[in-house]
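Spelled out from the first residue to the last, the chains are:
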Amino acid sequence: KNFTTLTDVTSSRVIGTTYTNTNSTAILVTFSVSGNSSTAVEFSVYIGGATLINSTMPAGVYSSKAFSFVVPPGKNYLIDQSIAGAYSGLIWTEAT
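Residues numbered from 1 in each chain as written. Predicted model: local features only at pLDDT ≥ 70, side-chain atom pairs only at ≥ 80, totals over all residues. Heavy atoms only, no water.

1. Observations concerning the sheet that holds strand 3 (residues 27–35)
Whenever strands of a sheet pair, they do so through backbone hydrogen bonds, lying parallel or antiparallel.
Logical step 1: Ordered in space as 1-8-3-6, the four strands form an open sheet in which the pairing is antiparallel. The two strands at the open ends of the sheet, each matched to only one other strand, are strand 1 (6–8) and strand 6 (63–71). Neighbouring strand axes in the sheet, compared pairwise and without regard to direction, differ in orientation by 15° on average.
Logical step 2: Direction of pairing for strand 1 relative to strand 8 (residues 89–95): antiparallel, over a ladder of three bridges. For Asp8, the partnering residue across the bridge sits in strand 8 and is Thr93. (Pairing = 2+ DSSP bridges. Helix = DSSP H or I, 4+ residues; strand = E, 2+ residues; numbered from the N terminus. Axes fitted to C-alpha atoms, helices over the stretch in contact; angles between N-to-C directions.)

2. Quick word on the pairing of strand 7 (residues 76–83)
Logical step 1: Sheet topology note: the strand 2 (residues 18–20)/strand 7 ladder contains three bridges and is antiparallel. Within strand 7, the residue paired with Thr20 across the bridge is Asn76.
Logical step 2: Strand direction decides the pairing type here: strand 4 (residues 41–47) and strand 7, joined by six bridges, are antiparallel. Its bridge partner lying in strand 7, Ile47 is registered against Tyr77.

3. Things to note about the packing of aromatic side chains
Logical step 1: Following the criterion strictly, the structure yields seven aromatic pairs and no others.
Logical step 2: Ring centres of Tyr19 and Tyr77 lie 6.0 Å apart, and the angle between their planes is 40°; on these two criteria the pair is classed as tilted. You can see Tyr19 sitting in strand 2 and its partner Tyr77 sitting in strand 7, a full 58 residues away along the chain. The exposure classification of Tyr19 matches that of Tyr77, with both residues buried.
Logical step 3: With a centroid separation of 5.4 Å and an interplanar angle of 85°, the aromatic rings of Phe31 and Trp92 are classed as edge-to-face. Of this pair, Phe31 sits in strand 3 while Trp92 is found in strand 8, placing the two residues 61 residues apart along the sequence. The same class applies to Phe31 as to Trp92, namely buried.
Logical step 4: Looking at Arg13, its charged tip hangs above the ring of Tyr19, at a distance of 4.4 Å from the centre. (Phe/Tyr/Trp six-rings, centres within 6.5 Å; stacked < 30°, edge-to-face > 60°. Buried < 20%, exposed > 50% of the residue type's maximum accessible area, 1.4 Å probe, protein only. Lys NZ or Arg CZ within 6 Å of the ring centre and 35° of its normal.)

If you want it as structure tokens, here you go:
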């Protein structure tokens, strides 16, 4: 699949909320976050209830994480934050 349209969905997405790919084709989701937190920040990605990614940003140092994953048509996806912490930069896009 060639992804030809990139949409910044940062302002309309919330970490911990499940979203559904309602398109008839797959979408490519990209999520990046950066910051310096006094506590660790852990992110998890799920597709259709299955765990795809678990990744932790360490405490006390500036760091960044980026994830890209394909969501098949009709499937749900969730980006969750299981350890609370602060971060400053967040970008979330979907490509169709």
